Structure formats: C-alpha cells, structure tokens
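# Fold and geometry: a report
Letter by letter, the chains look like this.
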Amino acid sequence: MSAMIDLGSRIEEASHSRINVAGDSRIGPASYPGVVDFGPLLERLPAIGLEDLASQAALLKRTDRKYLLNRALTAELVEYLCSIQAEVLSIGGAREFGYLSDYFDTPDFALYRAAATKRRRRFKVRSRVYLDAGLRFVELKTRSGRGQNVKDRLRLDDVPMDVCERLKRGLPVEAFDLTPDVTGCPRIREWLAARLTERGVVQTRRAGARAVGELAWVIRSVYTRTTFRLPGDSRLTMDRGLTLSTPSGWSPLRVPEVVVETKSSKHPCEADRWLWRRGVRPVRLSKYAVGMAAINPGLPANRWSKTIATLGGIA
C-alpha cells in the first residue's frame, strides 16, 4: 500500500513540473508514439484515487482474463464503461500512465522455457519504471507448486524525470542506464536469492544465487495504461501503444491492438460478458513471451501460438 501511495504522490509532483523536451511543452500519455487518444471519452468517467482503488482491489481473489481489441472496439468498450458508471484511476489529474519494463533471462532462455512448458515452480524477473513518476523497481514473480502467483518488488534509485519525458516522447536516452545489473549488484542479487528461497522456488539461498547469476536483460516493453474500477469491485486495464524491443537493436515490434485485461472474482465481470456478446474471447498473452517468440522463432511457443497468429504470425 505504501508504495502505491508513494507512486500517487510522485505522479502528482511530476504533473506540476513537466519538462520541456525538444521545444514541446505538451508532454503526456496521449502523445506517446503509437497511442490512440481516448482522452475525451475518459473525461466522461468519474475518477477514483489510487489509495481507494488499492484498498478495494486488495479484497479480491482475482481471475485475470486478457483480450486483444482493435481501436474501434476499444472505443465502444470505453463507451460501455461510461454507461455502467465505471470509475477511472486518476492521479494528479492524469488518467493515462506510461510503463517501461525490462525482462531478464539466461543465455539458454531457461525462464521462458519454464513458462512455455508450464513448469510447476518457476519465476520471472523484470525491472519496471513508472514513467509519470520516475519510480523504478526490480520485480520478482514466482509460481509455486500449488499454482499460486506472488509478486515481490525492490525499490531502486529513481529515474530522473527528464529521462522519463524523453522516453515518453520516443527520444533516445544515452546518459542514464535504465536497466539494473541484477547479477552484478550485490543488493539486488541477494534480495532475489532470498525471495526465491522464501517462495519455495529453490531450496537454499546458494541455489537462488546460482539461479540469478546468469540473468541478463533480453527484452523491453513500453506502453500506456489506463485502469478502471467496475461495479462489483472488478478491475479492467487497457494497455495501448505496446512496443517490444531488445538490447541488440532488433527492429521493434509495435502491437497495434489494445491489450485489455479484466481482474475479477472467479465469476466473469460485466466487461467480460460485454466482450463475449461481441464474439471476443480471452487469449493467452504475455508481453514477455510474445516478444521472446518474435525474437527467437525456434523457442517453443505453443501456449501463445493463437495470440502470435493474431499479431501477424511473427513466430
């Protein structure tokens, strides 16, 4: 909860001190490269603050469902959310927020393969930057033998706001290293090893250190997110302008579809039913997995093959 409140205060600070980049003072999510502007529609929705959203969401045992929508259907969905009096997350007057995530794997892609083959005990490591606040974390997602998913995160040094603004404008950043060295930094390495042990993914911290030791940055995702609270305390997120790229300079993959995710109890929420009535069904979608399959066509991708085909058969 405290990290969420901190995020809210940081975004409010940043909203009052926008930095002029390349002579343009209009810096905001609607201007992110490749992002459709739903601003006028979003303004019709009542706002909910981050603290209220977090406290309500904490009560949920959630089932997540993901969908790929074109822009026209996304606009219709926003209209529907208006009709059922959904609320939109608003911080410092902003209703759209930029995310940048760097994912890590071993040279033989052991983490990806564990997910692709549904290994019972597996994990995922990424760093995340909230571009509207400059906050940066290392995040560890673990899956236990009982199928439970847990996310832990470690706060890192903030990213300067001028760097965040350049990223949001699609401009190059050379003077600041966004990607943490998860194997070379003792604090990060030891934290990851300890969490992997606590979560039962490995038996000892030494084994955890070995698991972390080969990790390197393999793929980056950048996108804009809007979050809604639906009646019944369900949630829905819309990710737009998703771009996937690699450290090697591989040509970025730009996803034209909007990634919609519902988070509800075990029963479908109103948005799920609305989508189903229009013939839209949930898809298996991992930004990390889709990007990895695009870069390395030889990797096993059966779990995501339908989604990859929808995105143009990149694998």
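Note: the structure precedes this text.
For the structure given in this document, a descriptive report is provided here. (Residues numbered from 1 in each chain as written. Predicted model: local features only at pLDDT ≥ 70, side-chain atom pairs only at ≥ 80, totals over all residues. Heavy atoms only, no water.)

Right, let's get into the nonpolar core. The biggest cluster of nonpolar side chains holds 52 residues, and the ones touching the most others in it are Y112, V125, L192, Y288 and M292. With 6 residues, helix 10 (residues 287-295) is the single largest residue contributor to this core. With residues near it in sequence (within four places) discarded, Y288 still touches Y103, F104, D105, L111, Y112, K124, V218 and I219. Grouped together as the second largest cluster of nonpolar side chains are 25 residues, L42, V78, C82 and L275 included. (Core = buried A, V, L, I, M, F, W, Y, C linked by side-chain atoms within 4.5 Å. Buried < 20%, exposed > 50% of the residue type's maximum accessible area, 1.4 Å probe, protein only. Helix = DSSP H or I, 4+ residues; strand = E, 2+ residues; numbered from the N terminus. Contact = heavy atoms within 4.5 Å.)

Its 13 residues place the ends of helix 4 (residues 71-83) 19 Å apart at the C-alpha level, agreeing with the 18 Å of an ideal helix rising 1.5 Å per residue. The N-capping residue of helix 4, defined by a side-chain oxygen 3.2 Å from the backbone nitrogen of A72, is N70. Positive backbone phi, approximately 60°, marks Q85, located one or two places after helix 4. (Expected span 1.5 Å × (residues − 1). Polar contact = N/O pair within 3.5 Å; in protein donor to acceptor, adjacent residues only side chain to side chain.)

Attention shifts here to the packing of helix 7 (residues 186-198) against helix 8 (residues 205-213). Contact pair helix 7 / helix 8: the axes reach a minimum separation of 8 Å and the direction vectors enclose 120°. What the angle tells us is that helix 7 and helix 8 run oblique. In this structure, helix 7 meets helix 8 at a crossing whose hand is right-handed. Residues R189, L192, A193, A194, L196 and T197 of helix 7 lie in contact with helix 8, whose contacting residues are R205, G208, A209, A211 and V212. Each residue belonging to the contact of helix 7 with helix 8 can be placed in one class, and the counts come to 7 nonpolar, 2 polar and 2 charged. (Axes fitted to C-alpha atoms, helices over the stretch in contact; angles between N-to-C directions. Parallel < 35°, antiparallel > 145°, perpendicular 65-115°, else oblique. Left-handed = near helix turned anticlockwise from the far one by under 90°. Nonpolar A, V, L, I, M, F, W, Y, C, P; charged D, E, K, R; others polar.)

To continue, consider the packing of aromatic side chains. Tallying each qualifying case throughout the model produces 6 aromatic pairs. Taking 6.1 Å as the distance between ring centres and 90° as the angle between the ring planes, the aromatic pair formed by Y130 and F137 counts as edge-to-face. Like Y130, the residue F137 is buried in the burial classification. An aromatic cluster is present here, built from Y99, Y130, F137 and Y223 joined pairwise through their rings. A cation over an aromatic ring shows up here: R153 above the ring of F137, its NZ or CZ 4.0 Å from the ring centre. (Phe/Tyr/Trp six-rings, centres within 6.5 Å; stacked < 30°, edge-to-face > 60°. Lys NZ or Arg CZ within 6 Å of the ring centre and 35° of its normal.)

On to the side chain of E87. Here E87 shows up in strand 3 (residues 87-89). Note on E87: relative accessible area 18%, which makes it buried. Of note is the side chain of E87, whose polar atom sits 2.7 Å from the side chain of R229.

Counting buried positions over the 12 residues of strand 9 (residues 234-245) gives 12, a clear majority of the element. Inspection of the sheet shows strand 8 (residues 216-230) paired to strand 9 by 10 bridges, in the antiparallel sense. Bridge pairing links V222 to T243 in strand 9. Hairpin geometry of strand 8 and strand 9 is characterised by an intervening segment of 3 residues between the two adjacent antiparallel strands and by a positive phi of about 90° at G232. Here strand 9 pairs with strand 10 (residues 253-254) via 2 bridges, running antiparallel. Paired with T243 across the bridge in strand 10 is R254. (Pairing = 2+ DSSP bridges.)

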